[in-house]
Amino acid sequence: RGDSVFSGDRPGLDLKIMRQAKAASGLPALADPSHSSKSRALVEAFSLKAAGAGADGLLIEAGVSPETALVDGAQTIALPAFSALAKKISEFHRS
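I will try to describe carefully the structure that is included in this document. (Residues numbered from 1 in each chain as written. Predicted model: local features only at pLDDT ≥ 70, side-chain atom pairs only at ≥ 80, totals over all residues. Heavy atoms only, no water.)

A few points about the environment of Lys88
Now for step 1: By secondary structure assignment, the location of Lys88 is in helix α4 (residues 79-94).
Now for step 2: Given the relative accessible area of 39%, Lys88 is considered partly exposed.
Now for step 3: Remark: the alpha-carbon pair of Lys88 and Glu44, spanning 44 residues in sequence, is separated by 9.4 Å.
Now for step 4: When residues no more than four places from it in sequence are discounted, the contact partners of Lys88 are Glu44 and Leu48.
Now for step 5: Here Glu44 takes part through its side chain, which lies 2.5 Å from a polar atom of the side chain of Lys88. (Helix = DSSP H or I, 4+ residues; strand = E, 2+ residues; numbered from the N terminus. Buried < 20%, exposed > 50% of the residue type's maximum accessible area, 1.4 Å probe, protein only. Contact = heavy atoms within 4.5 Å. Polar contact = N/O pair within 3.5 Å; in protein donor to acceptor, adjacent residues only side chain to side chain.)

Encoded structure:
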């Protein structure tokens, strides 16, 4: 999967290493925009960047009530946001 990188307080997703691992192994590569962003506000942007970089799949945490999640709530998106994001990614792959 694409690996998380942090520079100071800024989260990041190392898409270069994801592409290198995919090329070297010949295997599918997944990106984890939820864990790498640490913030639901960044999940969509990280997801679209990963899709554009060639990720074969995305690990996105979604839930009915992310605000009350006991674990990883800050990086979990609500189901309506997940549905909208899935449509955007699907449209991206069709174009």
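Section: the packing of helix α3 (residues 40-52) against α4
Now for step 1: Look at α3 against α4: their axes get within 11 Å of each other, and the N-to-C directions meet at 20°. By the angle class used here, α3 and α4 are roughly parallel. Crossing angle aside, the handedness with which α3 passes α4 is right-handed. From α3, Val43, Glu44, Ser47, Leu48, Ala51 and Gly52 reach across to α4, where they touch Leu85, Lys88, Ile89, Phe92 and His93.
Now for step 2: Taken together, the residues of the contact of α3 with α4 break down into six nonpolar, three polar and two charged. (Axes fitted to C-alpha atoms, helices over the stretch in contact; angles between N-to-C directions. Parallel < 35°, antiparallel > 145°, perpendicular 65-115°, else oblique. Left-handed = near helix turned anticlockwise from the far one by under 90°. Nonpolar A, V, L, I, M, F, W, Y, C, P; charged D, E, K, R; others polar.)

Notes on α3
An α-helical turn contains 3.6 residues, so a residue and the one three or four places further along point in the same direction.
Now for step 1: Here α3 is 13 residues long and its end C-alpha atoms lie 19 Å apart, about the 18 Å a rise of 1.5 Å per residue gives.
Now for step 2: Val43, Phe46, Ser47, Ala50 and Ala51 are the residues of α3 that are buried. Taken end-on, α3 shows its buried residues confined to a sector of 130°, consistent with a single buried face. Structural note: α3 exposes Ala41, Lys49 and Gly52 on the side pointing more than 90 degrees away from its buried face.
Now for step 3: Count one or two residues on from α3 and you reach Gly54, which has phi positive near 100°. (Expected span 1.5 Å × (residues − 1). Arc of directions from axis to C-beta.)

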